[in-house]
Amino acid sequence: MTEIPVDDVPALLLRTVPETAPFIADKYDMPAERAVLTRDAVLDLYGLLTECFMTPVLLPQLESSAPDRQLLTHCWDFVEKVVDHSSEHVRGAVYFEVLEQLLNPGTLVEDSWPYMKERTRARTLRMLDFYGVFLPGINRR
């Protein structure tokens, strides 16, 4: 798989998860399609992932009693494309603003697991092992 350039990660988020558009537009006070092309969106990737992806889009779906499975698939497709990025900036933003948030109380890892792809699952397993979190059916043997 060809790695996406760092500057293209915000646009990839918008293309893969168009439900982020109103949050991106609000954060940058301009149309989302224009905002994701700005240097600010790249430099503030941590904030972009938290304020426009995790908090308003992904977490509500994971916490929902009737989640939108297609939306969850798109969300985890985006994460899979950038989780092992060669840029520490991108990898760090995904790790701290997406994967670590799954450790909040509840069943977020378990609810995410069916939608995660190979690289995201591998990174999540390393994170769980690092924190000593053992979950039946995921990393508890």
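Since the model is a prediction, treat every value here as computed from it, not as a measurement. Residues take numbers from 1 onward in each chain, read along the sequence in its written order. Predicted model: local features are reported for residues with pLDDT of at least 70 only, side-chain atom pairs are reported and counted for 80 or more only, and whole-chain, interface and lining totals are derived from all residues. The basis for the side-chain values is all heavy atoms of the structure; hydrogens and waters are excluded.

A.B. asks: Can you help me understand the nonpolar core in this one?
C.D. replies: Across soluble globular proteins, you tend to see nonpolar side chains buried next to one another. Take the buried residues of types Ala, Val, Leu, Ile, Met, Phe, Trp, Tyr and Cys, join any two whose side-chain atoms come within 4.5 Å, and each joined set is a nonpolar core. Only protein chains enter the area calculation, which uses a 1.4 Å probe; residues under 20% of their type maximum are buried, those over 50% are exposed, and those in between are partly exposed. Within the largest apolar cluster, 48 residues are counted, with the highest numbers of intra-cluster contacts made by Phe53, Trp76 and Phe78. For this core, the secondary-structure elements that each account for two or more residues are α1 (9-16), α2 (21-28), α3 (32-35), α5 (45-63), α6 (69-82), α7 (88-99), α8 (108-112) and α9 (118-131). In terms of residue count, the dominant contributor to this core is α5 (10 residues). Every residue pair with non-hydrogen atoms within 4.5 Å of one another is taken to be in contact. Among residues more than four places away in sequence, those in contact with Phe78 are Val9, Leu12, Leu13, Thr16, Val17, Leu49 and Phe53. Numbering of helices and strands runs from the N terminus; a helix is a DSSP stretch of H or I covering at least four residues, while a strand is a stretch of E covering at least two.

A.B. asks: Is there a simple way to explain the pattern of salt bridges in this structure?
C.D. replies: Any two side chains of opposite charge can pair, given that their charged atoms come close. Just to be clear on terms, a salt bridge is a Lys or Arg side-chain nitrogen sitting within 4 Å of an Asp or Glu carboxyl oxygen. Enumeration over the complete set of coordinates arrives at 6 salt bridges. Salt-bridge contacts for Asp77 lead to Lys117; the nearest nitrogen and oxygen are separated by 2.6 Å. You can see Asp77 sitting in helix α6 and its partner Lys117 sitting in the loop between α8 and α9, a full 40 residues away along the chain. Looking at Asp77, the relative accessible area reads 21%, which means it is partly exposed. We classify Lys117 as partly exposed; its relative accessible area is 29%. Close ionic contact of Arg91 with Glu88 constitutes a salt bridge, the shortest N to O distance being 2.5 Å. Remark: Glu88 and Arg91 occur in helix α7; sequence separation between them is 3 residues, near one turn of the helix.

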